Amino acid sequence: MDITTLDFQQARIKQVLFKSRLRSVLYGVREADAALFSLRENPLAQWLQTVVKPRYGGRPEVLEIERAIQSMLDTSQKLVTQYQRGHIEESRSGLEQVDVYSDRIEKLLQKLEQGSTAGL
């Protein structure tokens, strides 16, 4: 089964939802839970594991996406720790770091999507 454009759109939505959850923690709307920082429980990482890897596991973009997700989760956890220690403004300004990883993931998803629709 091929991965469709809709699948990639849903992956992008998963990424946006993660960033939204993180922002809500850093702005005091919700409490952070360990699942937010878990690669195994991250919806985008789960999609990568269950949908992408079986079909395109040999593509270098797949491993790069996984690494970028892990780096994004690690950075996010550090930002939440900063927030919890009272460094509120610093934690919020650190969201730019998360955006860097998110942009990297987006570029890799685009590359993977182009390859999958080209039949690679």
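Presented here is a report on the structure given in the accompanying data block. (Residues numbered from 1 in each chain as written. Predicted model: local features only at pLDDT ≥ 70, side-chain atom pairs only at ≥ 80, totals over all residues. Heavy atoms only, no water.)

**Some words on the nonpolar core**
- By size, the foremost hydrophobic cluster in this structure holds 29 residues, and its most contacted members are W47, V52, I65, I69 and I105.
- Top element by residues in this core is helix α3 (residues 60-84). It accounts for eight residues.
- Beyond its immediate stretch of four places on either side in the chain, W47 contacts I3, D7, F8, A11, K14, V52 and L109. (Core = buried A, V, L, I, M, F, W, Y, C linked by side-chain atoms within 4.5 Å. Buried < 20%, exposed > 50% of the residue type's maximum accessible area, 1.4 Å probe, protein only. Helix = DSSP H or I, 4+ residues; strand = E, 2+ residues; numbered from the N terminus. Contact = heavy atoms within 4.5 Å.)

**Regarding the packing of helix α2 (residues 43-56) against α3**
- With their axes 11 Å apart at the nearest point, α2 and α3 run at an angle of 170° to one another. By the criterion of interaxial angle, the relationship of α2 to α3 is roughly antiparallel. Between α2, through L44, A45, L48, Q49, V52, K53 and Y56, and α3, the contact on the second element is made entirely by V62, I65, E66 and I69.
- In the contact of α2 with α3, the residues fall into eight nonpolar, one polar and two charged. (Axes fitted to C-alpha atoms, helices over the stretch in contact; angles between N-to-C directions. Parallel < 35°, antiparallel > 145°, perpendicular 65-115°, else oblique. Nonpolar A, V, L, I, M, F, W, Y, C, P; charged D, E, K, R; others polar.)

**What about the packing of helix α1 (residues 5-26) against α3?**
- Following both chains from N to C, one finds α1 and α3 inclined at 15°, their axes separated by 10 Å at the closest point. Between α1 and α3, the angle is such that the two are roughly parallel. Crossing of α1 over α3 shows right-handed handedness. On α3, the residues that touch Q15, F18, L22, V25 and L26 of α1 are M72, L73, S76, L79, V80 and Y83.
- Partitioned by chemical class, the residues of the contact of α1 with α3 number nine nonpolar, two polar and no charged. (Left-handed = near helix turned anticlockwise from the far one by under 90°.)

**Regarding the pattern of salt bridges**
- A full pass over the atoms with the stated rule returns nine salt bridges.
- Taking the shortest distance from any N to any O, the salt bridge between K19 and D99 comes out at 3.1 Å. A residue pair is termed long-range when its members are at least 10 positions apart, and K19 in helix α1 and D99 in helix α5 (residues 95-117) qualify at 80 residues.
- Residue E89 is joined to R92 by a salt bridge in which the shortest nitrogen-to-oxygen separation is 3.7 Å. Of this pair, E89 and R92 both sit in helix α4 (residues 88-93), three residues apart, which is roughly one turn of the helix.
- Overlapping salt bridges, with partners in common, bring together R12, E106 and E113 in one network. (Salt bridge = Lys/Arg side-chain N within 4 Å of Asp/Glu carboxyl O.)

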